[in-house]
Amino acid sequence: MGNTFSFELHGRSGDARAGVFYTDHGPVETPVFMPVGTQGCVKTLSPHDVSQTGASIILGNTYHLHLRPGSEVIRSAGGLHRFENWGGALLTDSGGFQVFSLKDISRITEEGVEFSSHLDGSRHFFSPEKVMEIEHNIGADIIMAFDECPSSTASREVIYAAVERTLRWAERSLEAHHRLPLHFGYEQALFGIVQGGIHRDYRAYCAEKLVAMDFPGYAIGGLAVGESTQQLYDISRYTASLLPVDKPRYLMGVGKPENILEAIGAGIDMFDCVMPTRNARNSSVFTSQGRLNIKNSAHRLDFSTPLDPACTCYTCTHFSRAYLRHLYKAGEILALRLLSLHNIHFYVNLVAEARRRIVDNSFLEWKEETVHAVAGKA
Ligand code: GUN
Ligand code: ZN
């Protein structure tokens, strides 16, 4: 155990890459979709459910887990893998995104960010050093540097200041990470985050400086925060091209199925998004033929069609649209579980199919067809 994080490429199709990275909690084939488990679970699902979808890595949030139950509690449990009883790999985001979205209640200085808890208003302070300590207590296989994530529509000056601060905080994150002990005997790989909004010159500058710090992987942050879809694609492709070929690339917080497919085509390897779980709880379902709303009266008497006839998940192999519509409208918790299970299965398997297409070099044609199919209405 320890020093095992490594990344290999298995195939390419245009700029799209198929690879694998190895953690002390198993290998993760890329491209990969990582379900979001903010508070130590993927909302409504058990770890067994999540592993049935094919997911190999899930996300946790430093911000939420620090406020509740507190990272010392998780450390006492033996780390987040043991606490939540998840045998696969874990990644924690640094809180950089959460504390900056609490704009009116946070105060930013060079040292760090002071913010109020969304739970009880109590005051807290995050610095790169503090966040590394918390991420070490939580014990995820991949941990993220503490960054500043401004809105992508902020002024050039604001974005530039955030890039400079993100670089200084990346250095401090790296130093603190190397100083801290390995609490649980397995490796934690620290990833750097490229900021720079929609400005190519800032993205290039930020990427160059971070690459010189030699992180084992790199994230692209500060996207899907107000820019256009075309800008999202252009900046992800441009930023990916600046990153080392032999390290994984993670596009944070993206996105719709069609966004993920385009970003895979642009050379991105890792994704996370709350959409499959959040949309499920709002009755919105992703299918291979587009989106549908299970509350729709069109499904009232449909006893023979699953959510997605092409899907092999537990929900699709056991229940009709009519029954799921009934459960949802009746306010049954089971509806939220079954829809979440399907949506996560859909995302994880869409990305797994992209990987197979990259390996057999049929990705580009498949992507064109699939983007149109998944973006429409079922
Ligand atoms: N999640 C989505 N975007 C970001 C970002 O820019 N930084 C961090 N830390 N998390 C994110
Ligand atoms: Zn399904």
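Residues numbered from 1 in each chain as written. Chains lettered and ligands numbered in written order. Predicted model: local features only at pLDDT ≥ 70, side-chain atom pairs only at ≥ 80, totals over all residues. Heavy atoms only, no water.

The next subject is the domain arrangement of the protein. Buried accessible area, meaning the area lost when the parts come together, often serves as the stated size of an interface. Structurally, the protein comprises domain 1 (6–277) and domain 2 (280–375). Counting from both sides, the interface comprises 37 residues of domain 1 and, opposite them, 32 residues of domain 2. Counting the surface lost from both domain 1 and domain 2, the interface buries some 2,900 Å², and carbon and sulfur atoms represent 68% of this. Our enumeration of links across domain 1 and domain 2 arrives at four salt bridges. Taking the shortest distance from any N to any O, the salt bridge between Arg-355 and Glu-29 comes out at 3.9 Å. Contributions of two or more residues to the side of domain 1 that touches domain 2 are made by β1 (6–13), β2 (16–23), β3 (26–30), β4 (32–34), α1 (47–52), α10 (257–265) and α11 (275–281). Split into classes, the residues belonging to the side of domain 1 that touches domain 2 amount to 16 nonpolar, 13 polar and eight charged. (Domains from an automatic or database assignment. Contact = heavy atoms within 4.5 Å. Buried area = accessible area lost by both parts, 1.4 Å probe. Salt bridge = Lys/Arg side-chain N within 4 Å of Asp/Glu carboxyl O. Helix = DSSP H or I, 4+ residues; strand = E, 2+ residues; numbered from the N terminus. Nonpolar A, V, L, I, M, F, W, Y, C, P; charged D, E, K, R; others polar.)

Across all of its chains, the model carries one cavity of 30 Å³ or more by this definition. Here the largest cavity defines a volume of roughly 30 Å³. (1 Å grid on protein atoms, 1.4 Å probe; cavity = no way out; pocket = protein on both sides within 12 Å on 5 of 7 lines; lining within 4 Å. Points joined across faces, edges and corners; volume = space filled by probe spheres on them.)

Attention shifts here to the pattern of salt bridges. Under the counting rule described, the total for this entry stands at 18 salt bridges. Notably, a salt bridge pairs Arg-156 with Asp-201, separated by 2.6 Å at the nearest N-O pair. Of the two residues, Arg-156 is situated in helix α7 (residues 156–179) and Asp-201 in helix α8 (residues 200–212); the sequence distance between them amounts to 45 residues. Arg-156 gets classed as partly exposed once you look at its relative accessible area, which sits at 36%. Residue Asp-201 is classed as partly exposed on the basis of its relative accessible area of 39%. Salt-bridge contacts for Lys-367 lead to Glu-262; the nearest nitrogen and oxygen are separated by 2.8 Å. Taken together, the positions of Lys-367 in helix α15 (residues 363–375) and Glu-262 in helix α10 put the pair 105 residues apart, joining distant regions of the chain. Glu-262 carries the same exposure label as Lys-367, and that label is buried. Salt bridges sharing common partners tie together Glu-110, Glu-148, Arg-165 and Arg-168. (Buried < 20%, exposed > 50% of the residue type's maximum accessible area, 1.4 Å probe, protein only.)

Taken together, the residues surrounding ligand 1 are Asp-93, Ser-94, Phe-97, Asp-147, Cys-149, Ile-193, Gln-195, Gly-221, Gly-222 and Met-252. Taking Asp-93, its side chain carries an N or O atom lying 2.6 Å from a nitrogen atom of ligand 1. The separation between a nitrogen atom of ligand 1 and a polar side-chain atom of Asp-147 is 2.7 Å. Contact with the protein chains covers 96% of the free accessible surface of ligand 1, which is 280 Å². Looking at the shell around ligand 1 residue by residue, the class counts come to four nonpolar, four polar and two charged. (Near = heavy atom within 4 Å. Polar contact = N/O pair within 3.5 Å; in protein donor to acceptor, adjacent residues only side chain to side chain. Areas by Shrake-Rupley, 256 points an atom, 1.4 Å probe, with all protein chains shown as cover.)

What follows is about the sheet that holds strand β11 (residues 189–194). Through backbone hydrogen bonds, the strands of a sheet pair up, either in parallel or in antiparallel fashion. Ordered in space as β4-β14-β13-β12-β11-β10-β6-β5, the eight strands form an open sheet in which the pairing is parallel. Every interior strand has two partners, whereas the edge strands, β4 and β5 (57–61), have only one. Recorded for the sheet is a direction-independent mean angle of 25° between the axes of neighbouring strands. One ladder, built from five bridges, connects β5 with strand β6 (residues 89–93); its direction is parallel. From the neighbouring strand, Ile-58 faces β6, where its bridge partner is Leu-90. (Pairing = 2+ DSSP bridges. Axes fitted to C-alpha atoms, helices over the stretch in contact; angles between N-to-C directions.)

To continue, consider the coordination of the zinc ion (ligand 2). Around the zinc ion (ligand 2), the protein contributes the donor atoms Cys-311 (SG), Cys-313 (SG), Cys-316 (SG) and His-342 (ND1), which lie 2.1 to 2.3 Å from the metal centre. Its four donor atoms give the zinc ion (ligand 2) angles of 98 to 119° at the centre, a pattern that matches the tetrahedral case. Sequence positions of the donors to the zinc ion (ligand 2) reduce to the motif C-x1-C-x2-C-x25-H. A single burial state applies to Cys-311 and to Cys-313, both of which are buried. (Donors = N, O, S within 2.8 Å, 3.2 Å for Na, K, Ca; no water. Tetrahedral: all angles 85-135°; square planar, octahedral: opposite > 155°, others 65-115°.)

Looking at the largest pocket, its volume works out to about 630 Å³. Lining the largest pocket are 26 residues, and of these Asn-61, Phe-97, Gln-98, Asp-272 and Val-274 sit closest to its centre. Secondary structure elements with two or more residues in the lining of the largest pocket: β5, α5 (96–101) and α11. When its residues are assigned to classes, the lining of the largest pocket shows 10 nonpolar, 10 polar and six charged.

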